[in-house]
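Reading the structure
The residues making up each chain are set out below.
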Amino acid sequence: MLIVHGSSDGLPKFNEIIQLCIVKDNPIFIVRGVCAWYREHYGGFELSESPTREVGLIELGDLEDPYPLVEYIVAGLRMVILKRFVLVKGLKVLVLDTGSIPLALNCDSPLERSGQECLTMSNPAVLRVIFGDGSDSRKLHMVSGIPKTVDEVHDLVKASFRLHQEFRLQYMDSDFNEFMNLTSVSEIQNMGTLKVIYTPLEEPYITLYTVEPTASSSPVPNTESSSLASSSSDATLCTSTPHSSPEVHTSGLSWPLVFVVPKFSYEAELELQQKNTEFETKGTHFNPGPKLKGIILDGLAQEMMKYTKYPKDYQCEEVAAALTKAHPCLGQLGCKSGFSGWKQSLKYKMQNYRTKLGRLGHPEIRVNSLKHKREGQGKSAAHIKKPRKAEVNYIPLHPKGETEDSLESERIALLTEVAKRDNEAVIKAKMEKTFSYRRQEVVNQRPRIEDFKNRWPALFEQSEVNAEFLRVTTKPLRSKFLSQFDNFTVKLMQILQNKGGVKGQRIKRFLEMADSCSNIDLRRECVLRSLVVYLNEDPDAFFKEYESTEEAEGDITATVMGIYSIRSQGHQEPDDIGVVIEGVKVMDNISTIINAFIVLFGLIYALDLAYPDSMKYTFEFVQKILMNLDGHKLNIKVRDLIISVFPDYTTKAARAAFNKVRRQLRSIEGAHYGLIHPARLHITYNGVQKDFVSAEEASDYVKTLISE
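Residues numbered from 1 in each chain as written. Predicted model: local features only at pLDDT ≥ 70, side-chain atom pairs only at ≥ 80, totals over all residues. Heavy atoms only, no water.

**Things to note about the environment of Gln-170**
So the rule is basically this: Elements are defined by DSSP. Helices are runs of H or I of four residues or more, strands are runs of E of two residues or more, and each kind is numbered from the N terminus. By the convention used here, residues are in contact when the closest approach between their heavy atoms is within 4.5 Å.
Residue placement: Gln-170 occurs in strand S12 (residues 167-173). Counting along the chain gives 26 residues from Gln-170 to Val-196, while the straight-line C-alpha distance between them is 6.6 Å. Discounting residues that sit within four places of it in the chain, Gln-170 has contacts with Phe-179, Met-180, Asn-181, Leu-182, Thr-193, Leu-194, Lys-195 and Ile-197.

Here it is in C-alpha cells:
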C-alpha cells in the first residue's frame, strides 16, 4: 500500500508502506520512497523504484490525507490514482473525490452530483513585495492564505525570493499612507503591499571614553569638529569598535551551520558549469585535472582558514559534501558518500596550507614549528598547540599597525589605569587592544599563574573574564551558562533523585537543601554539586570550605585548581569565596559559589588550561552541553547523562519542540529527518548529517537550507 507525504514540483510524493508500528498508541509507518511521473493518458501516476531506496518514518499526524492507496498494473506499468486532490481555480479551493468529478467542472457553479462537497480552505492571497527604493517590485502568491504569524510570513518571503541577507518587513499603512514595521499579520490584506528592508551584516557598537593626553599621544587635528569636542574638556575623545574588522586581532567567525562553497576563478567556474550541465543531461561524472583540482582545493582551503586552521574530521566532511552539492558533477563513484576522496584531499591541502602560513610567520602555525618547541619535544607532531575546546580566536594576529613593542607599552600603561577608580571603559579598550599580545604570551610561553597575574591584573576581574571568554569563543559566558543551566535544572533534578547507593544518598541531601532554600544561587549550587557526584567525581575535593582565613591559606598553596569558601561558625553567609589556580588565589570576594564556578570556567579558556582530572566530566558537560561548544564528540559518562535527560523521545513534548522545523523540512527536496535517541532531531541533507537538541538552532540551520 502507498501513502502520500509531501510534494515535489507540485506533484505528490509517494511512499510505499513497509511496516506499521504502534508506539504508545500512535501509529508510525516505516516507508520507502518511490519515484512517480504523471501519465495524462491514464489519469494516474506511474511508479518506479527510487535509486536511493531510502527508508524513513512517518507519523499518522504528519499526513495531509491519511487515505491509503493501492497500486495496480496497466500494460506492465505500476500505476496509482489519487482518491482526493486539491483544485485551485478562480481563487477558490475545492477538495474533491476523483470518483465524482464530472468531465467539465465549473468552479463558479454548485456541484450537482450527490456526495460532492465544496470545502473552503484558507482564502488565497496575492501581495506586492517591494525591494529597495521601489524600482524592483514582485508578486507573491499565497495559495494557502496569509500565514498565522509574522515569522511564517518572513520565512515565506525569504524562501520564495531566495533572499540570503537578513531583513525585516514593512507594510503599507492605510491611516498614514506610509510603510510601517510589520508586527502583526492582521495588518496584511489581500492585494496589499510589503516592503523588504535589509539589515546590515554587522552593526558594530561604539564606546566613547576619555583618555588623558600623554607625551606619546598624537595631537588632535585643529578642525571645526575637534575644537567643538575639546571645548568642554581637555581630554581626548576615543572610540572603540570591538571586532569591527578582520584586520584587528580577532576573526570572530565560528564554524558555520552550513558551509558555503566560494566562487573559484572565472575559467574554473565556466568549466564546472559546463560539466554540471552535462551531468544533469547525461549523468556523467567529471574527474578534474590536476590544475583545476588544485584551484578548487585552494579556494576551499582559503575559505576554511577563515574559521579554523586545524579543521576536524567532521568539518572536512561538511566541506566536501557542500562541494558535491554545489557542483554535482564532482561526485565520486565507488564510495558510499560520494565525496570521500575530496574529504581526504582537503586534509592534505590544509596541511600544506598550514606549512605555507608557518613560513610566512602566522602565530598560530609558527607556535608548532620545531624551533619554537621546548627541549624533549623534537618532533613536529608532538604537543601540538591548537584549539581543543572550540576556541575561535586561539592565537590571533596583532591589530593592524601594532607590534610587540607597542603592545607591551599598552600593557605597561594598563597597569597604571588599573590603579585608578571608575576607569572601566579605558581598561576594557586596552584589554581589547592587547588581546592578541596576551594570547601569544599565554599559549607560547605558558607562564606561571602568579607571574601572569602580576603582568595582567586587569584580566582577573569578573567583567574582564566574561569579555575574554567572548573574545576567545565569540559566545557570552555568564548569561548563556545560567540560562542553559536553569533550563536543564528541572530535568536534572528528576534524574539525580533516581540515583541509588551511597552516591544517591549524598545527592538526596544536596537536593533536599535545594528544595528547602528560596535563594536561586544556592539552589543552583546544590544542583551543581549533585551533578558532580552523579558523574563519579568528588565535589569536596574541588569546592573546599574553611572556617577561618588561616586554615584556608595553609591549604590553598597545595591546591592545583578549585573554589574555596570561608564561613565562620554561626554564620549562614560565607565571609569570602574565591578561585585558586596553581596554589594562587587568583580571585576573591565573589558573591556566590555558582558565580565562582563560572569565573573559573572562563579563566580556563582565558589562560588556555586543561580541565582538572578530578572534574573533567563536569567541565565537559558545561562546555559541550550547556555552552554548546564542540558537542560532536561526548565522553561516555556525559553521553549517558544526556540520554537520561531525554529518556522518552517519542512523547508529545519532545516532538512538539521540533514541529515547526519538521514542517519546514518537508518542503526541502532531498532532506531526511527524524527524532533519534536521545531526543535529538537528526537531519540528513546531501550526505551531511547533523543532530540538534535545540529547536532554535535546528530552525536556523533549516533556514540556511531554504535560502540556498
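**Some words on unusual backbone geometry**
In the Ramachandran plot, Met-191 falls in the positive-phi region, its phi being about 65 degrees despite a non-glycine side chain. In this fold, Met-191 is placed in the loop between strand S13 (178-181) and strand S14 (193-198). With a phi close to 50 degrees, Asp-422 is a non-glycine residue in the positive phi region. Secondary-structure assignment places Asp-422 in the loop between helix H8 (404-418) and helix H9 (424-433).

**Describing the sheet that holds strand S17 (residues 543-546)**
Filter applied, for reference: Pairing between strands requires that DSSP locate at least two bridges from one strand to the other. Axis definition: a line fitted to C-alpha atoms, limited for helices to the stretch in contact. Angles are taken between N-to-C directions and run from 0 to 180 degrees.
One open sheet holds the 4 strands; their spatial order is S17-S18-S19-S20, and the pairing between them is mixed. In this open sheet, the two strands that pair with only one neighbour each are S17 and strand S20 (584-587). If you compare each strand with its neighbour and ignore which way they point, the axes differ by 35 degrees on average. By the bridge criterion, 4 bridges tie S17 to strand S18 (residues 561-566) in an arrangement that is parallel. Each bridged residue has a counterpart across the sheet, and for Glu-545 the counterpart in S18 is Ser-565.

**Quick word on the environment of Phe-14**
With respect to the helices and strands, Phe-14 occurs in strand S2 (residues 11-23). Along the primary structure Phe-14 and Val-4 are separated by 10 residues, whereas in three dimensions their C-alpha atoms are 4.7 Å apart. Those residues in contact with Phe-14 that lie beyond four places of it in its chain are Ile-3, Val-4, Gly-33, Val-34, Ala-36, Phe-45, Leu-47, Leu-69, Val-80 and Leu-82.

**Observations regarding helix H17 (residues 593-606)**
Our working definition: To estimate the expected span of a helix, subtract one from its residue number and multiply by 1.5 Å. The buried label applies to any residue whose accessible area, calculated with a 1.4 Å probe on protein chains only, is under 20% of its type's maximum; exposed applies above 50%, and partly exposed to all values in between.
The end-to-end C-alpha distance of H17, which contains 14 residues, comes to 20 Å, matching closely the 20 Å that a straight helix rising 1.5 Å per residue would cover. The buried fraction of H17 is high, at 14 of 14 residues. Asp-608 sits one or two positions beyond H17 and adopts a positive phi of about 55 degrees.

**Quick notes on the packing of H8 against helix H10 (residues 435-445)**
Put simply, the rule reads: Roughly parallel means an angle under 35 degrees; roughly antiparallel, over 145; roughly perpendicular, 65 to 115; everything else is oblique. Throughout this entry, Asp, Glu, Lys and Arg are counted as charged residues, while Ala, Val, Leu, Ile, Met, Phe, Trp, Tyr, Cys and Pro are counted as nonpolar. The remaining residues, Gly among them, count as polar.
For the pair H8 and H10, interaxial distance at closest approach is 9 Å and the crossing angle is 100 degrees. Looking at the two axes, H8 sits roughly perpendicular to H10. Taking contact as the criterion, the partners of Glu-404, Leu-407, Glu-408 and Arg-411 in H8 are, on H10, Ser-436, Tyr-437 and Gln-440. For the contact of H8 with H10, the class distribution of residues is 2 nonpolar, 2 polar and 3 charged.

**Remarks on the packing of helix H13 (residues 478-497) against helix H18 (residues 616-626)**
Contact pair H13 / H18: the axes reach a minimum separation of 11 Å and the direction vectors enclose 105 degrees. One element, H13, and the other, H18, form an angle in the roughly perpendicular class. Counting all contacts with H13, which are made through Lys-480, Phe-481, Gln-484, Phe-485, Phe-488 and Leu-492, the residues of H18 involved are Phe-621, Val-622, Ile-625 and Leu-626. In terms of residue class, the contact of H13 with H18 is made up of 8 nonpolar, 1 polar and 1 charged.

**Some words on H13**
To keep it simple, the criterion reads: We define the bend at each residue as the angle formed by axes fitted to the 7 residues ending at it and the 7 residues starting at it.
Helix length check: H13 (20 residues) gives 27 Å between terminal C-alpha atoms against 28 Å at 1.5 Å per residue, within 8%. At Thr-489, H13 shows its largest bend, some 45 degrees. Within H13, the full set of buried residues consists of Lys-480, Phe-481, Leu-482, Phe-485, Phe-488, Thr-489, Leu-492, Met-493, Ile-495 and Leu-496.

**Some points on the sheet that holds strand S10 (residues 125-131)**
Spatially, 5 strands are ordered S11-S10-S14-S12-S13 in an open sheet, and the strand pairing comes out mixed. The sheet terminates laterally at strand S11 (136-142) and S13, the two strands that pair on one side only. The mean inter-strand angle of the sheet, taken between neighbouring strand axes irrespective of direction, is 35 degrees. Judged from the 4 bridges that link them, S10 and S14 form a sheet pairing that is parallel. Bridge pairing links Val-129 to Leu-194 in S14.

**Focus: the pairing of S10**
Within S10, 6 of the 7 residues are buried, leaving the element largely enclosed by the surrounding structure. With 7 bridges joining them, S10 and S11 adopt antiparallel strand pairing. Counterpart to Phe-131 in the pairing with S11 is Asp-136.

**Some thoughts on the pairing of strand S4 (residues 44-49)**
Relative to S4, strand S3 (residues 26-39) is paired through 6 bridges, and the arrangement is antiparallel. Paired with Ala-36 across the strands is Leu-47, a residue of S4. Bridge count between S4 and strand S7 (residues 77-80): 3 bridges; the pairing is antiparallel. Bridge pairing in S7 links Phe-45 to Val-80.

**Details of the pattern of salt bridges**
Counted only if it meets this: Salt bridge, as used here: a side-chain nitrogen of Lys or Arg that lies within 4 Å of a carboxyl oxygen of Asp or Glu.
In total, this model carries 33 salt bridges according to the counting rule given. For Lys-690, the salt bridge goes to Glu-318, with nearest N and O atoms at 2.8 Å. With Lys-690 in strand S23 (residues 688-692) and Glu-318 in helix H5 (residues 313-326), this residue pair connects regions lying 372 residues apart in the sequence. Neither residue differs from the other here; Lys-690 and Glu-318 are each classed as buried. The partner of Asp-608 in a salt bridge is Arg-446, with the nearest N and O atoms 2.8 Å apart. Of this pair, Asp-608 sits in the loop between H17 and H18 while Arg-446 is found in the loop between H10 and helix H11 (449-455), placing the two residues 162 residues apart along the sequence. Look at Arg-446 and you get partly exposed, because its relative accessible area is 32%. Each of the salt bridges in this network shares a partner with another, and the network as a whole consists of Glu-432, Arg-438, Glu-464, Glu-468 and Arg-471.

**Regarding the nonpolar core**
Here is the rule we go by: Joining through side-chain atoms within 4.5 Å is the link that ties buried Ala, Val, Leu, Ile, Met, Phe, Trp, Tyr and Cys residues into a set, and such a set is a nonpolar core.
Core analysis: the biggest nonpolar cluster contains 72 residues, and Phe-481 and Phe-597 have the highest contact counts within it. The leading source of residues in this core is H17, at 12 residues. Ignoring any residue separated from it by four or fewer positions in sequence, one finds Phe-597 in contact with Phe-481, Leu-528, Phe-542, Phe-543, Ile-563, Met-615, Thr-618, Phe-619 and Val-622. Core analysis: the next-biggest nonpolar cluster, separate from the first, contains 32 residues, Tyr-310, Ala-320, Phe-339 and Met-350 among them.

In short, the description is geometric, and any link to function would need to be established separately.
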